[in-house]
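Structure assessment
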Amino acid sequence: GSSTTTLRELIEGSPDAPAPKFSSKLPEKGSVYDWCWDPSKNKWLGWLETVPSYSIPQGSLFGEILVPTMDTVRYTHLMGTLLQLNYHSLFVGDTGTGKSVMIKEKIMKGLPAEFVPHFMNFSAATKSNQTQDIIDNKVDKRRKGVFGPPLGKKMILFVDDLNMPAKEKYGAQPPIEILRQLIHWGGWWDRKEIEWRSIIDLVFVAAMGLPGGGKTHLTCRYTRWFNVISVTPIDDEGMSRIFATILQWFMGQFTSISAAAVVQPVVQATLEVFQTVSSELLPTPSKSHYTFNLRDLAKVVEGVLNTSPTECSSDTDIFRLWIHESRRVFEDRLIDETDRSWFQAMQGQVVQKHFKKPMERIVGDGADGNGLLLYADFLNKNCEYGARKYCQVMGLPATFGIVNEFLAEYNVASKTPMNLVLFNYVLEHCCRMTRILRQPAGHALLVGVGGSGRQSVARLAAAMGEFELFQIEISKNYNREAWFEDLRLLFRKAGEKNERVAFLFTDTQVVMESMLEDVNNILNTGSVPNLFPQEDVMQLVEAVGVRARAAGRGQTMTDCFEFFIDTCRANMHCVLCMSPIGDDLRNRLRSFPSLVNCCTIDWFFPWPEEGLVAVADQFLSDLGLEDALAKSVVGQCMSFQVSSRILSERFQAELGRTNYVTPTSYLELIGTLKALLNRKKDEVSSQRTRYVVGLDKILSCSDAVDVMKEELIALQPVLVVKTKEVEELIIVLDKEKADASVVKEKTAKEEEFASGEAAKTGEMKASCEADLAEAIPALQAAVNALKSLTKGDITEMKGMKSPPKLVKLVMEGVCIMLEV
């Protein structure tokens, strides 16, 4: 372009050029940006000539391989120069151009020891206070009011996804504004102590994607502090070099396969599929996750690297594995049959073009005899997890038997056993989940409506891979502190205890959107800022110190804690289950890009007819229906679900309104059928029981009547005799009754006379009682008088020689009474 021409004129020293002329002429090939001046050799060199030739170390993990290209060498040279001169740098480029990987590699391994790297990751939910707290926790106090990295060090703070924070009401981005204040004024106010904190020896490196799709424009008041470097997409030559180098190194262990026959066809086929998908399958509101980047390209190659010489003995085996892996990366995220059919047709054309064989011939019969291509690592159940081989599933019956064994073991050990029905659909998703979990830092985003089996598949796959399943429990008072406590427990399991953990997290558990912010950080960096207090950090460093030093790490506390985070990232696998219903999924994918970029997406389609039949058959098996009737009922249930789905699609097409027919509704249909049938059975059984009991009573009564008849017949002669005796007894009783009447009359007369005498006696009694009543007071007075007599009175009486007349009369009366 014009800039290249102008620079050439300056460098070559044209007559009008003010710059001095170089002793060596700039090469004509390429642009001026493809060359650098080496003062020691006094000549122009290509950027790749400035670094040692790269060879992949034996035993390297795929995530540790970073093949240098002309672009990465050029960008890292610029970044290193700027950082050592204390200039901030901002790398801008499309998603998947390798910005983050390149920057992390440089600041972690390519800078002098005086630089201390730290990382931050922004999302749409990042807040300014959170940003300030993260940086405050990473610096030490130098002196009063002055903070910075340890003395003699410089902190390199890498901020990824810089332009992700959402704008507030007035159009500003608070996290960006707090960083701008830090760069402009050299510090900020401590929110607790209300004191100014100066932060020194801090240099920023930032990376951001192009504005759009949730990413915003940054204010020029902030970007003016940065040297902005545009990162161009890696060209085909660069990508071919990267993946060809990796595949060439990997194929070195295959003695029976020619690397030349495999490497370039696989690389070129991968590039063509990636470019075609990226240009044809564009994101829309309902397909917002149709964004493809270099990570997806790498996932295909990483999947091919899962095999081993014992499982692949020919180039056809490698090609078959490549077909499977490209389907898992690209096809599994497609949301409808139209896109899937288009992808399969396109993939078939690419296979024919680069592998020189039709895809049907490479795939063969597959697992079901119809070309079903599945790979899994659980077929040899008795092997240790690390020794399992990733191989093709060759037969469904045997595989179902193995999965059923895993399911039975899970149900025995689990407090919440699963009544899971296995059919092809479930097996396919189980194979996909185990593939994701076996990859280092492999995370899954399972998208499907309620009841489609996302959580069941995740639980079963975790059990099959001997992972500990971790899931939070939401309560009424669940808050951020409870969420952090759960995350600390999760990180301790993965990092401190060094256990393989599958973190199952569903959209129904999102109490606060900040929870997704933390999940976004886990997916991208493997950590959550400010999760552990300083005292917990010290405990963790002490706990993992031995392992860190054994791995050649842990010389400093920071490096030891980074080893802990790296261990967590290797052992922790996030399984996110979300529903496509509504706008939540689309908004969250836009706000938290790592949900797409760092996860392998598995879209759960509606259950196929065979699955509906299998589920209904198992759930209705305990009803005791006849085979023919049970088959008809199962078929009818399946027909209801399929026809409802077809009508819903028609409803959507004609009226633009969505009605979701979910597997949950199908299970409710079966449950309702079972409940209704059981209720009717109970009603019929109750009525039948009543009829049977009534009939039994009637029959027992009839038998009793017959017995009574026989007894009556047997007792008839006795009855005649008894009747005669009764008649005779009646005559006797009549006679006795007449005699009794005479006695009764006599008794009545005597009773009348006695009554008269009793009346007279009563009158006499009354008269006596009246007289007695009159005499009683006199008697009482006499008694009282008697009581009043004293010895003196008696003596006085004795002394009377001729008592008075009245005294004499009294004493005579006493003598008469005493009969003296």
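See the structure printed just above.
First, a word on scope: everything that follows refers to the structure included in this document. Model, not experiment: these values are computed from the prediction.

Rules used throughout
- Residues numbered from 1 in each chain as written.
- Predicted model: local features only at pLDDT ≥ 70, side-chain atom pairs only at ≥ 80, totals over all residues.
- Heavy atoms only, no water.
- Helix = DSSP H or I, 4+ residues; strand = E, 2+ residues; numbered from the N terminus.
- Buried < 20%, exposed > 50% of the residue type's maximum accessible area, 1.4 Å probe, protein only.
- Contact = heavy atoms within 4.5 Å.
- Areas by Shrake-Rupley, 256 points an atom, 1.4 Å probe, with all protein chains shown as cover.
- Lys, Arg positive; Asp, Glu negative; His and termini not counted.
- Charge placed at Lys NZ, Arg CZ, Asp CG, Glu CD.
- Axes fitted to C-alpha atoms, helices over the stretch in contact; angles between N-to-C directions.
- Parallel < 35°, antiparallel > 145°, perpendicular 65-115°, else oblique.
- Left-handed = near helix turned anticlockwise from the far one by under 90°.
- Nonpolar A, V, L, I, M, F, W, Y, C, P; charged D, E, K, R; others polar.
- Expected span 1.5 Å × (residues − 1).
- Pairing = 2+ DSSP bridges.
- Patch = residues over 30% accessible without salt bridge, like charges linked within 9 Å, V, L, I, M, F, W, Y side chains within 5 Å.
- Salt bridge = Lys/Arg side-chain N within 4 Å of Asp/Glu carboxyl O.
- Polar contact = N/O pair within 3.5 Å; in protein donor to acceptor, adjacent residues only side chain to side chain.
- Disulfide = S-S within 2.5 Å.
- 1 Å grid on protein atoms, 1.4 Å probe; cavity = no way out; pocket = protein on both sides within 12 Å on 5 of 7 lines; lining within 4 Å.
- Points joined across faces, edges and corners; volume = space filled by probe spheres on them.
- Core = buried A, V, L, I, M, F, W, Y, C linked by side-chain atoms within 4.5 Å.

1. Overview of the overall build of the chain
Helices and strands together make up the secondary structure of the chain, namely 26 helices and 18 strands. Across its three principal directions, the C-alpha atoms of the chain cover 195 × 95 × 55 Å. Per-residue burial over the chain gives 43% buried out of 820 residues. Put simply, of all contacts in the chain between residues at least 6 apart along the chain, 71% involve residues at least 24 apart. Split by element, the accessible area of the chain, about 44700 Å² in all, is 57% carbon and sulfur. Put simply, the chain has 91 plus and 103 minus side-chain charges, and the middle of one group is 6 Å from the middle of the other.

2. Notes on the packing of helix H22 (residues 609-619) against helix H24 (residues 663-788)
At a minimum axis distance of 11 Å, the contact between H22 and H24 shows a crossing angle of 30°. By the angle between their directions, the pair H22 and H24 is classed as roughly parallel. Crossing handedness for the pair H22 and H24: right-handed. Contact residues: Leu612, Val613, Val615, Ala616 and Phe619 in H22; Tyr666, Leu667, Ile670 and Lys674 in H24. Here the contact of H22 with H24 is built from residues that sort into eight nonpolar, no polar and one charged.

3. Overview of helix H23 (residues 627-655)
When the terminal C-alpha atoms of H23 are compared, their 41 Å separation across 29 residues agrees well with the 42 Å that a helix rising 1.5 Å per residue should span. Of all the residues in H23, the buried ones are Val633, Val634, Cys637, Met638, Gln641, Val642, Arg645 and Ser648. Next to the buried residues of H23 lie H22 and H24. Gly656, located one to two residues past H23, shows a positive phi value of around 70°.

4. Let's talk about the sheet that holds strand S9 (residues 196-199)
Taken in spatial order, the four strands of this open sheet run S5-S6-S9-S8, and their pairing is mixed. With partners counted over all chains shown, the strands left at the sheet margins are strand S5 (140-143) and strand S8 (187-189), one partner each. Strand-to-strand twist in this sheet, taken as the mean axis angle between neighbours without regard to direction, amounts to 35°. Sheet topology note: the S8/S9 ladder contains three bridges and is antiparallel. From the neighbouring strand, Trp189 faces S9, where its bridge partner is Trp196.

5. Comments concerning a nonpolar patch on the surface
A cluster of nonpolar side chains, Met797, Val810, Met811, Val814, Met817, Leu818 and Val820, forms an exposed patch at the surface whose accessible area comes to about 710 Å². Among the elements that make up the nonpolar patch, the one with the highest residue count is helix H26 (residues 805-817) (four residues). Looking at the secondary structure, you find Met797 in helix H25 (residues 791-799).

6. Digging into the pairing of strand S2 (residues 43-46)
Remark: a regular strand shows side chains that alternate across the two faces of the sheet. As defined by bridge partners, strand S1 (residues 35-38) adjoins S2 across four bridges and the pair is classed as antiparallel. Paired with Asp38 across the bridge in S2 is Lys43. Counted between consecutive antiparallel strands, the loop separating S1 from S2 contains four residues, among which Asn42 sits at a positive phi close to 55°.

7. Description of the side chain of Asn571
Within the fold, Asn571 resides in helix H19 (residues 557-571). Assessed through its relative accessible area of 11%, Asn571 is described here as buried. Of the polar contacts made by the side chain of Asn571, one reaches the side chain of Asn498; its length is 2.7 Å. Residues within four places of Asn571 in sequence aside, it is in contact with Ala494, Asn498, Glu499, Arg500 and Val501.

8. Points about the state of the cysteines
Counted according to the given criterion, the structure contains zero disulfides. Here Cys560 stays free of any disulfide, with the sulfur of Cys568 as its closest cysteine sulfur at 12 Å.

9. Some details on a negative patch on the surface
A surface patch of like charges, here negative, comprises Asp703, Asp706, Glu710 and Glu711. Mapped onto the elements of the fold, Glu711 is located in helix H24.

10. Re the environment of Lys735
Examined against the element boundaries, Lys735 turns out to sit in helix H24. Owing to a relative accessible area of 61%, Lys735 belongs among the exposed residues under this scheme. Each C-alpha atom, one on Lys735 and one on Gln716, is 29 Å from the other, the two residues being 19 residues apart in sequence.

11. Observations concerning the sheet that holds strand S18 (residues 600-603)
Reading across the sheet, the five strands line up as S15-S16-S17-S14-S18 and stay open at both edges, with parallel pairing between neighbours. The open sheet has two edge strands with one neighbour each: strand S15 (468-470) and S18. Across this sheet, the average inter-strand angle for adjacent strands is 20°, counted without regard to direction. Pairing analysis gives four bridges linking strand S14 (residues 444-447) to strand S17 (residues 572-578), with the strands arranged parallel. From the neighbouring strand, Ala444 faces S17, where its bridge partner is Val575. Each of strand S16 (501-506) and S17 is contacted by H19, which is oriented at about 50° to S17, the strand it contacts most.

12. Considerations on unusual backbone geometry
Notably, Asp201 is not glycine yet its phi reads approximately 55°, a positive angle. Tracing the chain through its elements places Asp201 in the loop between S9 and strand S10 (202-208). Asp201 gets classed as partly exposed once you look at its relative accessible area, which sits at 33%. The phi dihedral of Ala441 is positive, around 55°, even though this residue is not glycine. Tracing the backbone shows Ala441 in the loop between helix H14 (424-438) and S14. The exposure class assigned to Ala441 is partly exposed, which follows from its relative accessible area of 28%.

13. Focus: the side chain of Thr600
Counting through the fold element by element, Thr600 comes out in strand S18. According to the relative accessible area criterion, Thr600 is buried, its value standing at 8%. Residues within four places of Thr600 in sequence aside, it is in contact with Lys299, Arg328, Arg435, Ile436, His443, Ala444 and Leu445.

14. Quick look at empty space enclosed by the protein
Enumeration over the complete set of coordinates arrives at five cavities of 30 Å³ or more. One number sums up the size of the largest cavity: a volume of about 40 Å³. Looking at the largest cavity, the residues that line it are Asp71, Thr72, Tyr75, Thr97, Gly98, Met102, Val231, Thr232 and Ile234. By residue number, the principal contributor to the lining of the largest cavity is helix H2 (residues 70-84), which donates three residues. Across the lining of the largest cavity, the residue classes break down as four nonpolar, four polar and one charged.

15. Comments concerning the nonpolar core
Membership of the largest hydrophobic core comes to 105 residues, with the highest contact counts inside it found for Phe243, Ile246, Trp322, Trp483 and Phe505. Not counting residues within four places of it along the chain, the set of residues in contact with Phe505 comprises Ile472, Trp483, Val510, Met515, Leu516, Val519, Val575, Leu576 and Cys577. Ala367, Leu374, Phe604 and Leu623 belong to the second-largest nonpolar core, a separate cluster that totals 54 residues.

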